[in-house]
Amino acid sequence: MCKPLERPSGRKKKAAATAEHGFSPTLVRASADYEAPSVLAWAFVTLCTASFYLGPLILASPLLVYFIHPSAAGAAFATAVFLACHPVRPNRRFCGWCQLFYRVFDFHHNFTPRVNDVARRGNRLSIVAMHPHSIIPLHGFIWSAICDQLLPDMYGFGCTTDQALNLPVLRHLLQYMDVRSTSKRVIMSGMQSDNKNLFILPGGVAEIFLSHRRARAGPNVQTIKARRYGLVKLALQTGAVIYPSFVFGASDMLDQLTPAEDDAPGGREGGGEVEPSLRSRMGRAMERLSRRIKGGLTLYYGQFGLPIPHNPRLTMVMGDPIYPIEDDEGSTRNVGGNRVTCRRIEDPTDEQIEDLMGRYLDAMEGLFEQYKVQAGYEQEELRII
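Rules of the game
Residues numbered from 1 in each chain as written. Predicted model: local features only at pLDDT ≥ 70, side-chain atom pairs only at ≥ 80, totals over all residues. Heavy atoms only, no water. Helix = DSSP H or I, 4+ residues; strand = E, 2+ residues; numbered from the N terminus. Buried < 20%, exposed > 50% of the residue type's maximum accessible area, 1.4 Å probe, protein only. Areas by Shrake-Rupley, 256 points an atom, 1.4 Å probe, with all protein chains shown as cover. Pairing = 2+ DSSP bridges. Axes fitted to C-alpha atoms, helices over the stretch in contact; angles between N-to-C directions. Salt bridge = Lys/Arg side-chain N within 4 Å of Asp/Glu carboxyl O. Phe/Tyr/Trp six-rings, centres within 6.5 Å; stacked < 30°, edge-to-face > 60°. Lys NZ or Arg CZ within 6 Å of the ring centre and 35° of its normal. Core = buried A, V, L, I, M, F, W, Y, C linked by side-chain atoms within 4.5 Å. Contact = heavy atoms within 4.5 Å. Parallel < 35°, antiparallel > 145°, perpendicular 65-115°, else oblique. Nonpolar A, V, L, I, M, F, W, Y, C, P; charged D, E, K, R; others polar. Polar contact = N/O pair within 3.5 Å; in protein donor to acceptor, adjacent residues only side chain to side chain.

Visitor: Sorry, what's going on with the overall build of the protein chain here?
Guide: A tally of regular secondary structure across the protein chain gives 12 helices and 14 strands. The burial tally for the protein chain puts 53% of its 385 residues in the buried class. Here the protein chain displays about 18,100 Å² of accessible surface, and carbon together with sulfur accounts for 56% of that area.

This is the structure we're talking about:
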């Protein structure tokens, strides 16, 4: 059964994001480097949103074309194979285009230029762990934009499922941002051999089905799946610091047809069991299928029942780096030799894993509480499972 966060009583509570590391105590409204018409911004954001549908449609197009125009099915098949297989290189210009998201979502953040200065001087191998995943992680596009604009020394590579990297259109957009496979071998190679920081959404499939738009009035609960032991073990093994990050409004951009409602607010009253609805049972079935195929499988929609997202105000905040071993900053190097790391622990103990997990969860909760009023979520509570 899911349990809320339990903070060790002996742990001191402090601000999760401080000026020492370049984070602003007040939110900053993002400003794009160029002006663009609103219709262009909406078209770009809608393309990125719809890409999760376009890929499967393109792969299915040969069969559909066959029934309509059989002689064209071969061309459709060749096109689908080409789009699914040809190599795609990272494209920094695309990351700049992602600044179009700023206008659509009235984007705010807590970054100052000093964040990048600290990152450049420290040259530390880092993991940026961002919650929530949401139904479709559109805030990943915004992260690439803010890094290209303000935090070039923080950027590295992202990771997603192999299935997403095989879908036409979607794979192009992802690989333009240097998104790679979530396999342990690929991640370790990117961090250790390529000397790159990792951007990851640890909530994964679980947070997709926990995602729901908040009610218009009254208190709400934001549930995130942050107890990810693989994440903290990775930090201990690589010596990388973890930057906790949270995006207010990420779950308010889209709806899904089959949410796991029994884990959502209102699903349980007074701790008692309730009969799950048909939508919830379908959601659970799709979640199990998603885990089996190792990829998120859900039906989502936005405005007018189309893949056009709602446009809540989005606020991305990041906290101070968390060292794998508390008070042990270390000064060794990663395998590639170009990044400073803490002491790497190939086989961390349970105590070391639990200690880092506790500090990570504390930081996520502290970050949420520090900025929720400014972000417009003063009645929101964070539930960590």
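So that's the structure; there's more coming.
Visitor: How do you make sense of the sheet that holds strand E11 (residues 315–318) when you look at a structure like this?
Guide: Adjacent strands of a sheet pair through backbone hydrogen bonds, lying either parallel or antiparallel. Spatially, 8 strands are ordered E1-E2-E11-E8-E3-E6-E4-E5 in an open sheet, and the strand pairing comes out mixed. Edge positions in the open sheet fall to strand E1 (23–29) and strand E5 (179–181), since each of these has one partner strand only. Going from strand to strand, the sheet's axes swing by 25 degrees on average, the running direction of each strand aside. Relative to strand E2 (residues 108–111), E1 runs antiparallel, the two sharing 3 bridges. Pairing of Arg 29 across the sheet is with His 108, part of E2.

Visitor: Where do I start with the pattern of salt bridges in this structure?
Guide: Any two side chains of opposite charge can pair if their charged atoms end up close together. This structure, assessed with the given rule, holds 11 salt bridges. Taking the shortest distance from any N to any O, the salt bridge between Asp 178 and Lys 196 comes out at 2.8 Å. You can see Asp 178 sitting in the loop between helix H7 (170–176) and E5 and its partner Lys 196 sitting in the loop between helix H8 (184–193) and strand E6 (198–200), a full 18 residues away along the chain. A relative accessible area of 10% means that Asp 178 is categorised as buried. Note on Lys 196: relative accessible area 29%, which makes it partly exposed. Its salt-bridge partner being Glu 326, residue Arg 359 comes within 4.0 Å of it at the nearest N-O pair. Placement of Arg 359 in helix H12 (residues 350–371) and of Glu 326 in the loop between E11 and strand E12 (332–333) is noted, with a sequence separation of 33 residues between them. Take Glu 326: its relative accessible area is 43%, and that puts it in the partly exposed class.

Visitor: So what exactly am I meant to see when it comes to the packing of aromatic side chains here?
Guide: The relation between two aromatic rings is expressed through the spacing of the ring centres and the mutual angle of the planes. The final tally for this structure, using the stated rule, is 17 aromatic pairs. Seen in terms of ring centroids, Phe 94 and Phe 141 are 6.4 Å apart; in terms of plane orientation they differ by 65 degrees. Their pairing is edge-to-face. Of the two residues, Phe 94 sits in helix H3 (residues 92–97) while Phe 141 sits in helix H6 (residues 139–149), which places them 47 residues apart along the sequence. Taken individually, Phe 94 and Phe 141 each receive the classification buried, so the pair is uniform in this respect. Sitting over the face of the ring of Phe 157, Arg 180 holds its NZ or CZ atom 4.7 Å from the ring centroid.

Visitor: I keep staring at the nonpolar core and nothing clicks. Help me out?
Guide: Across soluble globular proteins, you tend to see nonpolar side chains buried next to one another. Phe 101, Trp 143 and Tyr 360 are the most contacted members of the largest nonpolar core, which totals 95 residues. The leading source of residues in this core is H12, at 10 residues. Once residues within four sequence positions are removed from consideration, Trp 143 is found in contact with Phe 111, Val 128, Met 130, Leu 151, Met 154, Tyr 155, Phe 199, Met 316 and Met 318.

Visitor: What's the story with the environment of Val 340 in this structure? I'm lost.
Guide: Within the fold, Val 340 resides in strand E13 (residues 340–341). Residue classification places Val 340 among the buried positions, given a relative accessible area of 14%. Placed 100 residues apart in sequence, Val 340 and Ala 240 show a C-alpha to C-alpha distance of 8.4 Å.

Visitor: Just to check I follow, could you spell out the packing of helix H1 (residues 38–68) against helix H2 (residues 73–85) for this structure?
Guide: Two quantities define a packed helix pair, namely the angle between the axes and the distance from one axis to the other. Between H1 and H2, the least distance of the axes is 8 Å, while the angle of their chain directions is 175 degrees. With respect to H2, the element H1 is oriented roughly antiparallel. Every residue of H2 that contacts H1 at Ile 58, Leu 59, Ser 61, Pro 62, Val 65 and Tyr 66 is listed here: Ala 73, Ala 76, Phe 77, Ala 80, Leu 83 and Ala 84. The class makeup of the residues in the contact of H1 with H2 is 11 nonpolar, 1 polar and no charged.

Visitor: It is not clear to me how unusual backbone geometry should be interpreted in this structure. Could you clarify?
Guide: Only a minority of non-glycine residues have a phi that is not negative, and only a minority of peptide bonds are not trans. Of note, the bond from His 131 into Pro 132 is cis; its omega dihedral lies within 30 degrees of zero at -10 degrees. Within the fold, Pro 132 resides in the loop between strand E3 (126–131) and H6. Positive phi, close to 70 degrees, is recorded for Ser 134, a residue that is not glycine. Inspection of the secondary structure assignment puts Ser 134 in the loop between E3 and H6. According to the relative accessible area criterion, Ser 134 is buried, its value standing at 1%.

Visitor: Explain the pairing of strand E4 (residues 157–160) here, please?
Guide: For a regular strand, the rule is simple: side chains alternate between the two faces of the sheet. Because side chains alternate across E4, one face comprises the buried residues Phe 157 and Cys 159, and the other comprises Gly 158 and Thr 160, equally buried. Relative to E5, E4 runs parallel, the two being bridged by 3 bridges. Note that in E5 the partner of Thr 160 across the bridge is Ser 181.

Visitor: Can you walk me through the side chain of Arg 339 in this structure?
Guide: Structurally, the position occupied by Arg 339 is in the loop between E12 and E13. Of note is the side chain of Arg 339, whose polar atom sits 3.0 Å from the backbone oxygen of Asn 195.

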